[in-house]
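Per-entry structural report
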Amino acid sequence: MMMTIKQKSEVPTQANPCRTLERAIQTWQLLGERAEPGIVLAHVAQAIQWNQPVLVPVCPPEEMLEQLNADIVKVGEPLENSGSMSLRVNMLNGEAPDACQFPVFTSREAMENGPAASSMELPLQTVVKMVLDGDNCEGIILNPFGQALFLPRQMLEPLSYVRPSSRIYLMEADITKVGADAIVNAANRTLLGGGGVDGAIHRAAGPDLLAECRGLHGCSTGEAKVTGAYRLNADCIVHTVGPIYSGSPEDAKLLEQCYKNSMDAAWECNCQTVAFPSISTGAYGYPIDKAAKIALRTVRNWLWEHPDTFMDVYFCCFSKADLMEYQNAIIQLPDVPPDVRWTNKGVDASEKEDYKTAVRYFKRAAARGDSVALSNLGICYNLGHGITRDREEARKCWVKAAVQGDVVSICQLGDFWITESLENRTDLSKAIEEAWVFYRTAYDLCQAGINREDYPNVCLRYLRYGEGRLSRRELAHLAGEAVAGFQKRLEEGDPFAEKALEEAKEYCRRYCET
Ligand code: AR6
């Protein structure tokens with residue numbers, strides 16, 4: 001495959017491109033057969049969306065080799081492409097004959113695990129585009145030497161849409177072998193090292209860690225302090241001091257503080273992956289069943305309180321028995337965040353037409369960024385249900401939900417243009433043009449399977465304004481989809497489905513009959 005690569009200037013510079021991703025791959029590999037690919041995929045999505053630079057092996061053309069000064073540039077070093085010269089990407093053979101796979105490296109170190117090759121930095125979005133545009137490329141192979149991860153081309157497009165969300169992973173692992181942006185250490189108040197996980201971390205990080213720790217002058221129980229990670233594959237080490245178990249209620253509070261302060265510290269260091277050991281459950285004697293509940297509850301609440309943050313948390317259990325304690329504890333946690341409970345209460349109240357109560361719940365959940373609550377609150381503002389009618393407030397709510405991919409709100413924003421135009425008697429065709437952009441976005445999100453809940457309504461919008469934009473066949477298909485969708489809703493008892501079903505059937509009569 002031959003490609004003309006543009007000037008390097010469009011590549012953002014960063015010291016450690018894709019480091020978080022590389023660490024996620026390391027952890028995924030460490031876990032072997034038990035590993036869920038989700039541990040990596042969310043970070044691939046993030047790397048694509050942030051357009052991280054990656055390294056791609058290339059063969060320089062003859063004319064370029066002649067110009068290179070062999071004393072300065074050696075094979076295996078990144079090449080500066082100074083003009084519009086064509087570089088050939090060193091493709092790997094694919095599964096099918098004549099097919100290829102696009103090799104991509106997340107760092108120089110990852111590249112140096114194999115035979116030397118010249119390389120070039122490219123933004124990941126460019127690589128994805130090259131794979132999707134090429135006819136014979138099966139996908140991307142990440143870090144082919146050692147930690148290879150194959151991403152089939154069909155997966156690449158959805159990955160550039162999905163909004164990665166934080167998750168908790170439980171694993172049986174030695175924390176010093178895990179790749180994470182922040183590694184948490186269960187230290188003591190001197191911060192000068194010790195046994196257990198503390199000793200293991202100091203041994204793996206090397207003596208410079210102790211030198212830095214000396215300058216910190218200790219740490220109180222429940223607090224957290226940050227150092228560099230030295231030889232560990234991490235950006236930082238968060239040292240926290242757990243309580244020595246005494247059986248008093250104070251223990252639980254201090255242990256909770258350890259997790260909360262460690263999460264805050266990792267977040268302040270811009271970490272996207274954090275690995276915890278089971279704090280206080282070794283030398284400090286905290287019963288692991290009790291400690292696991294506190295650990296998981298605290299971290300989960302922290303994640304719920306930071307809905308806009310993407311942070312994966314690994315709980316590294318040192319034995320199978322410890323892992324089972326964590327698995328037991330995690331299933332006992334409520335799995336719905338308080339926002340969702342408030343949103344559901346709001347929906348129940350609005351179905352009973354108790355709009356004042358509904359608005360109260362929606363406002364509570366919306367204040368924490370819950371997209372469904374924001375969408376519903378927008379509808380209440382728009383209709384003056386349980387609150388003074390305020391179209392501008394409605395629009396603001398929908399914008400906040402739309403950026404989270406909420407399809408209902410995206411459609412509402414489209415409708416907003418049309419209603420405004422009708423109310424103010426401005427050019428309607430222009431307003432439909434604006435609205436269409438929103439409807440198309442909503443439709444694409446449904447098609448990509450990101451949020452299909454409101455698909456029948458999206459079809460209805462397409463039907464209302466699609467004449468002249470879509471073929472008769474497409475309109476007939478949409479009408480069928482809308483009828484099926486609203487029929488199902490009606491059967492499920494949705495009081496609003498009846499009117500919409502009538503409208504959809506009308507389109508069916510118009511477009512489906514030959
Ligand atoms: N990776 C993951 N977990 C580990 C590892 C490892 N490499 N090594 C041990 N664990 P502890 P504490 C587990 O005693 O109770 C130190 O001397 C271990 O099985 O390390 O908070 C400090 O300097 C247990 O489940 O920490 C303090 O003086 C968990 O890590 C004191 O111990 C915690 O055990 C702190 O005691």
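The following paragraphs examine the structure supplied in this document. (Residues numbered from 1 in each chain as written. Predicted model: local features only at pLDDT ≥ 70, side-chain atom pairs only at ≥ 80, totals over all residues. Heavy atoms only, no water.)

Things to note about the site of the ligand
Worth spelling out the cut-off: One heavy atom within 4 Å of a molecule or strand is enough for the residue carrying it to be called near that molecule or strand. Identification of polar contacts relies on pairs of N or O atoms within 3.5 Å, with a donor-acceptor requirement for protein atoms, meaning one able to donate a hydrogen and the other able to accept it, and with residues adjacent in sequence counted only if both atoms are side-chain atoms. Using a 1.4 Å probe, accessible areas were evaluated by the Shrake-Rupley method; residue-level cover was limited to the displayed protein chains. Elements are defined by DSSP. Helices are runs of H or I of four residues or more, strands are runs of E of two residues or more, and each kind is numbered from the N terminus.
Taken together, 21 residues lie around the ligand, and Gly195, Val197, Asp198, Ser280 and Gly282 are the ones closest in. The contact in question runs from an oxygen atom of the ligand to an N or O atom on the side chain of Thr281, over 3.2 Å. Relative to its unbound accessible surface of 700 Å², the ligand loses 88% to contact with the protein. If you list the elements that add at least two residues to the shell around the ligand, you get β10 (182–187) and α7 (196–205). Among the elements that make up the shell around the ligand, the one with the highest residue count is α7 (four residues).

Section: the sheet that holds strand β5 (residues 100–104)
Think of a sheet as strands paired side by side through backbone hydrogen bonds, with each pair either parallel or antiparallel. Threshold: When DSSP locates at least two bridges between a pair of strands, those strands are taken to pair. We call two residues in contact when some of their heavy atoms are within 4.5 Å. Axes, fitted as lines to C-alpha atoms, cover a helix only where it is in contact. Angles between the N-to-C directions of the axes lie from 0 to 180 degrees.
If you walk across this open sheet you meet the four strands as β4-β5-β7-β8, and the pairing is mixed. Only two strands of the sheet have a single partner each, and these edge strands are β4 (92–93) and β8 (149–152). Here β5 runs beside strand β7 (residues 137–142); their pairing, made up of five bridges, is parallel. Across the sheet, the residue bridging to Pro103 is Ile141, located in β7. Each of β5 and β7 touches helix α5 (residues 124–133); the most contacted strand, β7, lies at about 150 degrees to it.

What about the sheet that holds strand β11 (residues 224–228)?
Within the open sheet, the six strands sit side by side as β9-β14-β13-β10-β12-β11. Their pairing is mixed. Of all strands in the sheet, those with a lone pairing partner are β9 (168–172) and β11, marking the two edges. Adjacent strand axes in the sheet meet at a mean angle of 25 degrees, parallel and antiparallel pairs treated alike. As paired elements, β10 and strand β13 (residues 273–276) share two bridges and run parallel to each other. Residue pairing in the sheet places Ile183 in a bridge with Ala275 of β13. Against the sheet, helix α9 (residues 249–268) engages β10, β11, β12 (236–241), β13 and β14 (312–317), with an angle of about 160 degrees to β12.

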